[in-house]
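Listed below, chain by chain, are the residues.
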Amino acid sequence: MSLTPESLVVLLAALTVFGGLAMTVAGALGWTTQLPGRRRSRTEQTVRAWFGKDKTSARAWWARGNSRLGSAVIVGLLVWLITSWPMGGLITAAVVAGLPWLLTPGSGAKREIARLEAVGEWVRRLSDIHTVGVSLEQSVQRSLDRAPSPIRAEVSLVVSRLAAGWQPQDAYRAFADELNDATVDEVVALLILHAEDRGAGLSRALRDLADALQHELLMRREVEADREKPRTNDRWVTIFCLGIFGITMLSGGYVEPYTTVTGQLVLVGVGIGFVVVKFWMRSMAVTEPHPRFLSPADHAGHTGQGGKR
């Protein structure tokens, strides 16, 4: 297919279709709003991270994906010019932009484990810092200097909110919302209870909780080890499919039918089918996280302007 007005129309139509599908998925996954008390699923968090909606995510698209996006556009244009396939260039650009998602199916779970390990380490350090005569808020502020890197940003926000005059309970609940993990809710619940009654024995309770987090961490690692085999299969299937796609684009007469408008539309359908199969394969190695018991609705009525009472 040569670069004719007809081919440009086909490309524009395909972009419109992909854009409509993306908006449909985003709307179905709660792109703009989050209902009170509803926790976003792992899939929704991933989609929001791709497009930079989740500003706290290490995978935020605009935080570290601009260079990859530019490379995808350049490679896609080159493929289009070499093969005269507008849809081939579009699919290639999508593959380059989505390589981290295609080749690292277990990265999200590994980050969650690293973050949980960091929370357990932070709780243990907090128990060491908290002594007689030192308030919990002061202990949290002192813990920032040695906070583990996976949660340093969240701990820094807690310290900043306390310094800005937030009620401790609200600052701790916001910390739980940012980490968005049922296990972290247990830590925050303990901090909130102490902030409300100021009872004794917090340091020992924190140490016991750190031990429980360590046990939870070991169980999660065992589960992820069992899931590594299907994820490895998923990765190799992806590499094989991408290799076959790249070879067939340059095989001459074998792919001659794809040079027509109908063939290009069929190629788009094959690409969509590949993505659907990828989601299906990933679903076999992913389980939904446990529901949180500290939901956003719990503190919706406590925060006013700037998060203060």
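Residues numbered from 1 in each chain as written. Predicted model: local features only at pLDDT ≥ 70, side-chain atom pairs only at ≥ 80, totals over all residues. Heavy atoms only, no water.

A. Spatial organisation of the packing of helix α11 (residues 182-197) against helix α12 (residues 202-249). Put simply, α11 and α12 touch, their axes get as near as 10 Å, and they point 175° apart. On the basis of their axis angle, the class for α11 and α12 is roughly antiparallel. Only L202, A205, L206, L209, L213, E216 and R220 of α12 make contact with α11, whose side of the interface consists of T183, E186, V187, L190, L191 and H194. (Axes fitted to C-alpha atoms, helices over the stretch in contact; angles between N-to-C directions. Helix = DSSP H or I, 4+ residues; strand = E, 2+ residues; numbered from the N terminus. Parallel < 35°, antiparallel > 145°, perpendicular 65-115°, else oblique. Contact = heavy atoms within 4.5 Å.)

B. Examining the confidence of the model for the protein more closely. Of all residues in the protein, 71% have pLDDT values of 70 or greater, and the mean over the chain is 75. Low pLDDT (under 50) marks residues 28-38, which in the prediction has 21 contacts with non-local residues, meaning those over four places away or in another chain. Low pLDDT, under 50, characterises residues 297-309; the predicted model gives this stretch 20 contacts beyond four residues in sequence or across chains. (pLDDT = per-residue confidence, 0-100.)

C. Region of the structure containing the environment of V95. Residue position: V95 is located in helix α5 (residues 86-97). Its relative accessible area of 19% is what places V95 among the buried residues. Along the chain, V95 and G76 lie 19 residues apart, while their C-alpha atoms are 9.2 Å from each other. (Buried < 20%, exposed > 50% of the residue type's maximum accessible area, 1.4 Å probe, protein only.)

D. Local environment of the pattern of salt bridges. Scanning the model with the defined rule gives 8 salt bridges in all. D181 is the salt-bridge partner of R220, the closest N and O atoms lying 3.2 Å from each other. Taken together, the residues span a long stretch of sequence, with R220 in helix α12 and D181 in the loop between α10 (168-179) and α11 at a distance of 39 residues. We classify R220 as buried; its relative accessible area is 19%. In this structure, R220 engages E216 in a salt bridge whose closest nitrogen and oxygen atoms are separated by 3.1 Å. Separated by 4 residues within a single helix, R220 and E216 lie in helix α12, roughly one turn from each other. Counted as one network, the salt bridges with shared partners bring together D177, D185 and R292. (Salt bridge = Lys/Arg side-chain N within 4 Å of Asp/Glu carboxyl O.)

E. Fine view of empty space enclosed by the protein. Inspection of every chain in the model, using the stated rule, returns 2 cavities of 30 Å³ or more. The wall of the largest cavity is formed by E112, R115, L116, V119, D181, V184 and R220. No other element matches helix α7 (residues 107-129), which puts 4 residues into the lining of the largest cavity. Taken together, the residues of the lining of the largest cavity break down into 3 nonpolar, no polar and 4 charged. (1 Å grid on protein atoms, 1.4 Å probe; cavity = no way out; pocket = protein on both sides within 12 Å on 5 of 7 lines; lining within 4 Å. Points joined across faces, edges and corners; volume = space filled by probe spheres on them. Nonpolar A, V, L, I, M, F, W, Y, C, P; charged D, E, K, R; others polar.)

F. Spotlight on a nonpolar patch on the surface. On the surface, I74, L78, I82 and L250 cluster together into a nonpolar patch covering about 450 Å² of accessible area. Here L250 shows up in the loop between α12 and α13 (261-283). (Patch = residues over 30% accessible without salt bridge, like charges linked within 9 Å, V, L, I, M, F, W, Y side chains within 5 Å. Areas by Shrake-Rupley, 256 points an atom, 1.4 Å probe, with all protein chains shown as cover.)

G. Structural detail: the packing of aromatic side chains. According to the stated counting rule, one finds 1 aromatic pair in the structure shown. Between W122 and F175, the ring centres sit 5.4 Å apart and the planes meet at 45°, which makes this aromatic pair tilted. Pair noted here: W122 is in helix α7 and F175 is in helix α10, with a separation of 53 residues, a long-range link. This pair shows no difference in class: W122 is buried, exactly as F175 is. Across from the ring centre of W166, 5.0 Å away, lies the NZ or CZ of R161, which sits over that ring. (Phe/Tyr/Trp six-rings, centres within 6.5 Å; stacked < 30°, edge-to-face > 60°. Lys NZ or Arg CZ within 6 Å of the ring centre and 35° of its normal.)

H. Molecular detail of the environment of L209. In this fold, L209 is placed in helix α12. Under the relative-accessibility criterion, L209 is labelled buried at 12%. Taking the C-alpha atoms as reference, L209 lies 8.1 Å from G120; in sequence the two are 89 residues apart. In contact with L209, not counting residues within four places along its chain, are E186, V187 and L190.

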